[in-house]
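One letter stands for each residue in the lines below.
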Amino acid sequence: MDKSKFNIATMIVVGNMLLSSGIASAGEGVAVNHLGVNNTLVRVEGDGRYLLMPVQESNDDATVNVLVDGKIEQTVYVRLAKSKVDYMVPLDLEKYRGHDVVLNIVTSQNRATVREAKEDACWSRFCVSDTFDTSNREKYRPAYHHTPLYGWMNDPNGMVYKDGVWHLYYQYNPYGSKWQNMTWGHSSSADLVHWTHHPLAIVPNGLGSVFSGSSVLDTANTAGFGDDAIVSLYTSAGVSQIQSLAWSADNGATFNIYPANPVITLESEARDPNMFWNNHTGEWNLLLAHPLDHEMLIFSSPNLKDWSLKSVFGKGLGCQDGVWECPDMFELPVEGTDLKKWMLICNINPGGPFGGSGIQYFIGDFDGAVFTPDRDAEGNVPTKWLDFGKDNYAAVSWSDAPDGRRTIIGWMSNWQYAAEVPTVQYRSANTLPREVGLFKGADGQIYASTVPSPEVDTLRGSLFKKYKGMSVGAKGNVVPLPVGNGGICEILLDIDARKADEVMLNFSNEKGEYVTVGYKPGEHTVSFDRINSGITDFSQDFPVVTVAPAFDEDSRGHISLRIFIDRSSMEIFGQDGKFAMTNIVFPTEPYSSLTVSAVGGKADIRNVRIYSM
Ligand code: FRU
């Protein structure tokens with residue numbers, strides 16, 4: 001087809017009426033036809049793998065109806081550029097090859113005339129291309145944490161281990177770096193630290209967009225989808241929130257949507273189904289968040305399709321300050337005992353320990369129908385937190401992990417500012433994968449520990465610095481960080497602060513930006529201060545101090561820390577994972593030195609090792 005004739009606006013005179021066809025100049029392979037003040041057609045004329053759509057983040061969403069041979073195939077919401085183009089997002093045309101593709105776009109801005117609408121920056125930049133450039137353009141993109149190639153990510157969900165492969169699905173917007181168009185993105189890994197990105201796994205359909213859920217291996221074929229099937233249950237979020245099944249017969253690459261969906265409907269908001277096989281009862285169980293009621297619904301099923309409500313957990317218990325979302329539940333041995341206990345994870349937003357999002361959990365017993373939480377000496381159900389930073393949310397575990405492992409990963413952000421952080425090409429990373437364990441605290445309560453998964457050790461590069469011991473006082477000792485490597489490192493150290501009031505680890509750069517990690521032996525707490533950490537002004541909720549109890553009361557005065565820095569994140573694991581603290585930071589230059597000092601006396605710092613990664 002001769003594209004040139006679509007490059008100029010043409011006027012057609014019909015009788016006495018002057019009709020503006022509104023055909024305007026456009027990018028390669030595309031014809032644009034303005035129909036009205038808020039309605040434009042973008043026709044794919046050229047051949048190519050992608051239709052690139054220009055985005056301006058500050059603009060409102062336009063409704064983009066993708067018509068294939070005249071029928072609506074999908075509708076996506078894109079912040080089409082009005083005054084400037086921030087970046088492009090790709091609409092994959094592969095499956096429409098050989099067909100007629102037209103976008104029927106409804107924009108939301110108020111305008112008086114079509115002429116005004118034509119001036120939007122996006123129209124001349126739509127183009128067809130064989131490639132979409134995903135090479136990293138962001139200085140804050142972590143080197144060894146999972147991130148999407150581009151676009152917005154929130155909750156990790158639907159994770160399952162099969163045949164040596166860790167499948168990680170996640171809440172994903174492929175059409176912009178803010179939340180929208182919820183889809184299951186898909187990455188996989190043989191070692192939990194090197195990720196391969198795959199095509200979209202489950203995309204919005206007639207029942208709504210695809211919110212969080214879970215996946216299991218149905219090896220006994222209870223659902224009848226096949227012995228080898230991965231079965232997933234997710235929330236279809238349309239006008240209502242209902243639960244839908246899908247299954248994959250090709251190792252998690254593509255999914256079939258169960259035609260009899262939904263399998264669970266309620267009269268109120270309910271989401272994030274997390275299902276698991278219960279060995280004790282020989283049935284499936286399912287936890288479903290009842291967010292606004294601050295409770296979890298517990299179901300059972302013989303076949304993953306027919307679910308019966310068994311009980312409701314949580315009303316009035318634990319932290320109730322926000323919506324309850326993204327549950328998980330599993331049984332684990334308690335370290336150093338013969339006990340096994342159930343752990344129920346309840347992500348909550350807001351209401352987290354330092355504002356916004358947080359992960360609370362309950363320890364207790366479960367008989368396949370009812371979860372009975374442990375109580376403290378006063379008979380109360382204590383609130384327990386899995387992470388004492390601001391940036392670990394929606395954490396859930398992999399189904400069917402090998403060797404009895406309970407491997408968990410969280411979204412390394414917070415709903416308070418996730419959409420405002422200073423990245424563009426992509427938004428949000430996941431935490432390091434972590435192994436969950438249970439231990440008995442000094443108060444007799446059972447708590448959860450999290451340590452980096454053993455695979456994380458393989459990321460260690462050279463031993464950059466090693467100090468057997470150093471005595472520090474008010475002046476402080478300066479330890480260089482591997483700036484040659486962008487400051488990406490793992491730091492291990494033991495602190496003996498019995499003769500000091502506080503020990504400070506100050507991570508700083510030449511720009512005067514710093515993070516201070518403090519240990520107070522009197523309180524036996526570890527704090528993380530990111531008030532001067534770099535770029536913080538995108539949200540008033542960002543520049544804060546977070547504090548963790550250091551557990552291990554017997555070792556008061558001593559603390560061992562393992563700290564991971566990856567460009568825009570710092571994860572601290574203390575006392576062999578008895579507490580974790582995850583915070584993101586945006587220094588304008590990598591932190592180049594670590595100053596270790598003590599106030600109110602001297603402290604000994606031992607076994608310091610810094611590995612570049
Ligand atoms: C949690 C959450 C879930 C929901 C998903 C939508 O972060 O709100 O409850 O399924 O995000 O993306």
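Residues numbered from 1 in each chain as written. Predicted model: local features only at pLDDT ≥ 70, side-chain atom pairs only at ≥ 80, totals over all residues. Heavy atoms only, no water.

*Asks:* I tried to follow the side chain of Asn583 on my own but got confused; where do I start?
*Replies:* Its location among the elements puts Asn583 in strand β43 (residues 579-584). The exposure class of Asn583 is buried, given its relative accessible area of 0%. Side-chain polar atoms of Asn583 contact the backbone nitrogen of Lys390, separated by 2.9 Å. With residues up to four places along the chain from it excluded, the contact list for Asn583 reads Gly389, Lys390, Asp391, Phe528, Arg530, Thr546, Ser569 and Met570. (Helix = DSSP H or I, 4+ residues; strand = E, 2+ residues; numbered from the N terminus. Buried < 20%, exposed > 50% of the residue type's maximum accessible area, 1.4 Å probe, protein only. Polar contact = N/O pair within 3.5 Å; in protein donor to acceptor, adjacent residues only side chain to side chain. Contact = heavy atoms within 4.5 Å.)

*Asks:* What's the story with the pattern of salt bridges in this structure? I'm lost.
*Replies:* Pairs can form between side chains of opposite charge once their charged atoms are near each other. This model, assessed by the stated rule, comprises 32 salt bridges. Between Arg427 and Glu57 there is a salt bridge, with its nearest N and O atoms 3.0 Å apart. With a gap of 370 residues between them, Arg427 in strand β31 (residues 426-427) and Glu57 in the loop between β6 (50-55) and β7 (62-68) connect regions that are remote in the sequence. In this structure Arg427 comes out as buried when scored by relative accessible area, which is 4%. Residue Arg562 pairs with Glu490 through a salt bridge whose shortest N-O separation is 2.6 Å. Residue Arg562 is found in strand β41 (residues 558-565), and its partner Glu490 is found in strand β36 (residues 489-496); the two are separated by 72 residues along the sequence. Per residue, the accessibility class of Arg562 equals that of Glu490, and both read buried. Through salt bridges with shared partners, a single network forms among Arg49, Asp92, Glu94 and Arg97. (Salt bridge = Lys/Arg side-chain N within 4 Å of Asp/Glu carboxyl O.)

*Asks:* Even after reading the chapter, I still don't get the packing of aromatic side chains, so can you show me in this structure?
*Replies:* Here a ring pair, both rings aromatic, is described through the centre-centre distance and the interplanar angle of the planes. Going through the model one piece at a time under the given rule, you end up with 34 aromatic pairs. Note on Phe132 and Tyr150: the rings are 4.8 Å apart at their centroids and 75° apart in plane angle, and the pair reads as edge-to-face. Within this pair, whereas Phe132 is found in the loop between β11 (127-129) and β12 (151-162), its partner Tyr150 is found in the loop between β11 and β12, the two being separated by 18 residues in sequence. Using a relative accessible area of 17% as the deciding quantity, one classes Phe132 as buried. For Tyr150, a relative accessible area of 15% gives the class buried. Look at Trp179 and Phe211: their rings are 5.8 Å apart centre to centre, the planes differ by 70°, and that puts the pair in the edge-to-face class. (Phe/Tyr/Trp six-rings, centres within 6.5 Å; stacked < 30°, edge-to-face > 60°.)

*Asks:* Is there a simple way to explain the site of the ligand in this structure?
*Replies:* Asp155, Gln171, Arg271, Asp272 and Trp415 are the nearest of the 13 residues found near the ligand. The side chain of Asn154 places a nitrogen or oxygen atom 3.0 Å from an oxygen atom of the ligand. Protein chains shield 95% of the accessible area of the ligand, which is 320 Å² for the free molecule. Sorting the residues of the shell around the ligand by element identifies β12, β16 (209-217), β20 (271-278) and β24 (323-333) as the ones contributing at least two each. Each residue belonging to the shell around the ligand can be placed in one class, and the counts come to six nonpolar, three polar and four charged. (Near = heavy atom within 4 Å. Areas by Shrake-Rupley, 256 points an atom, 1.4 Å probe, with all protein chains shown as cover. Nonpolar A, V, L, I, M, F, W, Y, C, P; charged D, E, K, R; others polar.)

*Asks:* Looking at this model, I keep getting lost on the sheet that holds β43. Mind explaining?
*Replies:* By way of backbone hydrogen bonds, the strands of a sheet pair with one another, either parallel or antiparallel. Across the sheet, which stays open at both edges, the six strands sit in the order β34-β45-β36-β41-β42-β43 with antiparallel pairing between neighbours. The open sheet has two edge strands, β34 (463-472) and β43, and neither has a second partner. Looking at each pair of strands side by side, their axes are set apart by 15° on average, direction ignored. Of the pairings in the sheet, the one linking β36 to β41 comprises eight bridges and is antiparallel in character. Within β41, the position partnered with Glu490 by the bridge is Phe564. (Pairing = 2+ DSSP bridges. Axes fitted to C-alpha atoms, helices over the stretch in contact; angles between N-to-C directions.)

*Asks:* How do you make sense of the pairing of strand β13 (residues 165-173) when you look at a structure like this?
*Replies:* On a regular strand, each side chain points to the face opposite its neighbour's, so the side chains alternate between the two faces of the sheet. Among the nine residues in β13, eight count as buried, and that is most of the element. As paired elements, β12 and β13 share seven bridges and run antiparallel to each other. What sits directly across from Met153, in β13, is Tyr172. Looking at chain direction, β13 and strand β14 (residues 183-189) are connected through seven bridges and run antiparallel. Across the sheet, residue Trp166 finds its bridge partner in β14, namely Ser189.

*Asks:* How should the side chain of Arg562 be read in this particular structure?
*Replies:* A relative accessible area of 16% means that Arg562 is categorised as buried. Reaching out from Arg562, the side chain makes a polar contact with the side chain of Asp457 at a distance of 2.8 Å.

Honestly, it's all geometry; don't read function into it.
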